[in-house]
Each structure stands twice: as C-alpha cells, then as structure tokens.
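This is what each chain is made of:
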Amino acid sequence: MLQKYLEWRAENPDLKLITGGNWIAPKFVSDRIKIKITGHDYQGRPIIWSDAGRFLLNEIIDGGFKDDIFRLGYQLMDQFILPEVERMRVEKNISQFIFILDTSAMTLRRALHFQSAQTRVKFVREFEAYYPEVLHSSYIINAHWVIMNIFSILRPFISSNTQSKINLFGTNEEEWKAALLEKFPSDAIPEDYGGTGSSFAAIYQ
C-alpha cells in the first residue's frame, strides 16, 4: 500500500504544489467544500465533520472546477487531517480518524447529478488506494431514501473493507443522535447535532 502511495505521488508532481501549501483553491470551491475537526473520540481519534449537502458538487463541476475538487481533497488530507492524525499517533499511538457526513441538505437534483456521482466514486477509490487504513469509521447521517438507494448502487464500487466502516443512518434524528452520543464525547459533537461542541454551521458564515 505504501509503495502504491509513493508511486502515485511520483506520477503526479503537481501534488507537491497542492499539498505543500503553494496551491490555493478557487474561492468558488473552497466556499462550498469545508470540513471541521470537532474533537476526538474516547481513544483519541480525530473526528472530522462535514456537510455533503453544502458541497454543491453539481455547481462546482458545471462551473468547470471538477479537478479542483480532488486537489482540495488532497490538500485537506495532507495539511489538515493527517497532521492531526500524526499528532495523536505520537501522543496516544492512534493513527486513524473518524468521518461524519451530514446529507440532510442533499436535494434530489444534487444526489442524482451523474458527474457528481462519478466524482464521489472516484474520490472514494483514490482514498482507499492512496490513504490506506487511515479511516477508522464513517457515519453518514440524515440519509433520505434517495441517498439510501444511491448508496446501494455505489456499494459494488466500494471495497468490502471500507463498507464495513460505514454506518448509515436515515433521517430519524433521535436514532443517529443517540448513536453518536454513545460513541463520542458530547463536546466532540457540534451543538447543531445534539452535542455541546461549537457550531458546525458557523464555518459557513
């Protein structure tokens, strides 16, 4: 896996510019794709929170910024997520993170946008190949029936190992809030989602 990752970096010299800090994402993209470290689980794993409904992938792709979605994704991994994972590896021998994705604002039109679906599949595949075993688990919340069906369609394109890490919850807030509060400290869950942590929505203001 490490060798594959090194080969990928060598074959893509522009990644050094992207992940090294010299590349700045177009505002049109960075204003839409945001993540936040909201805290850590009881073992020390960083919890990364995001809102898929606010990504507006269809608008980004239709605007001609498709490649920048991947560039920003790599940059966030290398400059934002992995340094925190490394810090916890040194402090607590923890080398994975947790990803929580809210899909409540994902409209039918956005969910069924074909190129957006292709982009999601490609990103998951590249993440599996080039950032192996760094994901401990993922929680997808507020998934309405369209998201549930799309996930079923995409499932064959996702490895069984990654599938086993995905916890999919529907729109029953009591159910997913109880599950998150059972797994994570209250202060690691934003107040917008039933915890006592700082607001996640504030990063879009």
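It should be noted that the structure appears before, not after, this text.
About the criteria used
- Residues numbered from 1 in each chain as written.
- Predicted model: local features only at pLDDT ≥ 70, side-chain atom pairs only at ≥ 80, totals over all residues.
- Heavy atoms only, no water.
- Helix = DSSP H or I, 4+ residues; strand = E, 2+ residues; numbered from the N terminus.
- Buried < 20%, exposed > 50% of the residue type's maximum accessible area, 1.4 Å probe, protein only.
- Contact = heavy atoms within 4.5 Å.
- Areas by Shrake-Rupley, 256 points an atom, 1.4 Å probe, with all protein chains shown as cover.
- Pairing = 2+ DSSP bridges.
- Axes fitted to C-alpha atoms, helices over the stretch in contact; angles between N-to-C directions.
- Expected span 1.5 Å × (residues − 1).
- Polar contact = N/O pair within 3.5 Å; in protein donor to acceptor, adjacent residues only side chain to side chain.
- Salt bridge = Lys/Arg side-chain N within 4 Å of Asp/Glu carboxyl O.
- Phe/Tyr/Trp six-rings, centres within 6.5 Å; stacked < 30°, edge-to-face > 60°.

Caption draft 1: Inspection of the overall build of the protein chain at higher detail. When you go through the protein chain residue by residue, the secondary structure sums to 10 helices and five strands. Burial analysis of the protein chain (205 residues in total) assigns 49% to the buried set. A fraction of 75% describes how many contacts in the protein chain between residues 6 or more apart in sequence connect residues 24 or more apart. Accessible area of the protein chain: about 10,800 Å², with a carbon and sulfur share of 54%.

Caption draft 2: Up close: the pairing of strand β2 (residues 46-51). Among the six residues in β2, six count as buried, and that is most of the element. Examined bridge by bridge, strand β1 (residues 35-40) and β2 share five bridges and lie antiparallel to one another. Among the inter-strand pairings, H40 is bridged to a residue of β2, identified as P46. The turn linking β1 back onto β2 is made up of five residues, and G44 within it adopts a positive phi angle of 110 degrees.

Caption draft 3: Structural context of the sheet that holds strand β5 (residues 166-168). On the basis of which strands lie adjacent, the open sheet formed by five strands has the order β1-β2-β3-β4-β5 and mixed pairing. Among the strands making up the open sheet, the edge pair consists of β1 and β5. Direction aside, the axes of adjacent strands within the sheet are offset by 20 degrees on average. The strands touched by helix α5 (residues 66-92) within the sheet are β1, β2 and β3 (97-102), with β1 carrying the most contacts at an inclination of about 10 degrees.

Caption draft 4: Spotlight on helix α7 (residues 114-130). Over its 17 residues, α7 runs 24 Å from end to end, which matches the ideal 24 Å to within 8%, given 1.5 Å per residue. Taken as a whole, α7 has its buried residues at S116, A117, T119, V121, E126, F127, E128, A129 and Y130.

Caption draft 5: Focus on the side chain of H113. In this structure, H113 sits in the loop between α6 (108-111) and α7. Its relative accessible area of 17% is what places H113 among the buried residues. Of the polar contacts made by the side chain of H113, one reaches the side chain of S116; its length is 2.7 Å. Not counting residues within four places of it along the chain, the set of residues in contact with H113 comprises N58, I61 and D62.

Caption draft 6: Focus on the side chain of Q96. Examined against the element boundaries, Q96 turns out to sit in the loop between α5 and β3. From its side chain, Q96 meets the backbone oxygen of E133 in a polar contact 3.0 Å long. Once residues within four sequence positions are removed from consideration, Q96 is found in contact with R45, P46, V85, E133, V134, L135, H136 and K165.

Caption draft 7: View of the pattern of salt bridges. Counting across every chain of the model gives 10 salt bridges. R45 is paired through a salt bridge with D41; the nearest N and O atoms lie 2.7 Å apart. You can call R45 buried: its relative accessible area is 15%. D41 sits in the buried class, given a relative accessible area of 7%. Connected through shared salt-bridge partners, E84, R87 and E91 make up one network.

Caption draft 8: Spotlight on the packing of aromatic side chains. Scanning the model with the defined rule gives eight aromatic pairs in all. Centre to centre, the rings of W49 and Y193 are 4.9 Å apart; their planes meet at 45 degrees, and the pair counts as tilted. One end of the pair, W49, is in strand β2; the other, Y193, is in the segment after α10 (173-183), and 144 residues separate them in sequence. Exposure remark for W49: the relative accessible area of 0% places this residue in the buried category. Among the aromatic residues, those joined into a ring-pair cluster are W49, W176 and Y193.

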